[in-house]
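Per-entry structural report
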Amino acid sequence: MMQPQIILLKEGTDTSQGKPQLISNINACQIISEAVRTTLGPRGMDKLIVDGRGKALISNDGATILKELDIVHPAAKTLVDIAKSQDAEVGDGTTSVVLLAAEFLKQAKPFVEDSVHPQIIVKSYRKAVNKVTHKLLFIVKSYRKAVNKVIA
């Protein structure tokens, strides 16, 4: 006979589930992306960050800004972890990764609000990745043929 599952949560922990929680997660990630959006590109602006002890930091580096933010929302923390992974692997592109992930979530939000199951949304994104990959390979092959004709 199976025993009932016991889950211990800290006092005040949000236990919401389903569509409202998904929308909350998307909104939290949107807020994180808005914090670094204006730092991107050659016209990127600096951010002034003051911590709890009054220490000021000025930066336009997405990784630095995300490191300094005290983020408690689990989905938003995941977005920051994605940026940290990008920084560790490549050393650049943290802001772009955050903005790209947030944009994918933004585009998925109306489908979540319309009660489309998240698995269907993910399946659609995977299908789109396959189509884009095939199209890019086609473009590369066409480009190589054109270059070979010019060289020959």
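Residues numbered from 1 in each chain as written. Predicted model: local features only at pLDDT ≥ 70, side-chain atom pairs only at ≥ 80, totals over all residues. Heavy atoms only, no water.

1. Details of a nonpolar patch on the surface
Inclusion rule: Every patch collects residues that have over 30% relative accessible area and no salt bridge, joining them within 9 Å if they carry like charges and within 5 Å if they are nonpolar side chains (Val, Leu, Ile, Met, Phe, Trp, Tyr). With residues, only the protein chains shown are counted as cover, and all accessible areas are computed by Shrake-Rupley using a 1.4 Å probe. Any Lys or Arg side-chain nitrogen located within 4 Å of an Asp or Glu carboxyl oxygen qualifies as a salt bridge. In this description a helix means any DSSP run of H or I spanning at least four residues, a strand means any run of E spanning at least two, and both kinds are numbered starting from the N terminus. The cut-offs for exposure are 20% and 50% of the maximum accessible area for each residue type, with area from a 1.4 Å probe on protein chains only; residues under the lower value are buried, those over the upper are exposed, and the others partly exposed.
On the surface, Val132, Leu136, Phe138 and Ile139 cluster together to form a nonpolar patch covering roughly 390 Å² of accessible area. Its location among the elements puts Phe138 in helix α5 (residues 118–151). Phe138 sits in the exposed class, given a relative accessible area of 51%.

2. Observations regarding the pattern of salt bridges
For the structure on display, the rule yields two salt bridges. The residue Glu34 makes a salt bridge to Arg37 at a minimum N-O spacing of 3.1 Å. Linking Glu34 with Arg37, this pair stays in helix α1 (residues 19–37), spanning three residues, or about one helical turn. Residue Arg53 is joined to Asp51 by a salt bridge in which the shortest nitrogen-to-oxygen separation is 3.5 Å. Classification of Arg53 as exposed rests on a relative accessible area of 75%.

3. Observations regarding the packing of α1 against helix α3 (residues 74–89)
Rules: Under this scheme, a helix contributes an axis fitted over its contacting stretch, all axes are lines through C-alpha atoms, and angles between N-to-C directions fall in the 0 to 180 degree range. When an angle is under 35 degrees it counts as roughly parallel; over 145 it counts as roughly antiparallel; between 65 and 115 it counts as roughly perpendicular; any other value is oblique. Note on convention: near helix rotated counterclockwise from far helix by under a right angle means a left-handed crossing. Clockwise means right-handed. Between two residues, a contact is recorded if the distance between any of their heavy atoms is within 4.5 Å. In this classification, Asp, Glu, Lys and Arg are treated as charged, Ala, Val, Leu, Ile, Met, Phe, Trp, Tyr, Cys and Pro as nonpolar, and every other residue, Gly included, as polar.
At a minimum axis distance of 8 Å, the contact between α1 and α3 shows a crossing angle of 45°. By the criterion of interaxial angle, the relationship of α1 to α3 is oblique. As α1 runs across α3, the sense of the crossing is right-handed. Mapping the contact onto sequence places Asn25, Ala28, Cys29 and Ile32 in α1 and Ala75, Ala76, Leu79 and Val80 in α3. A per-class count over the contact of α1 with α3 returns seven nonpolar, one polar and no charged.

Everything listed here is a matter of coordinates, which is why it stays silent on function.
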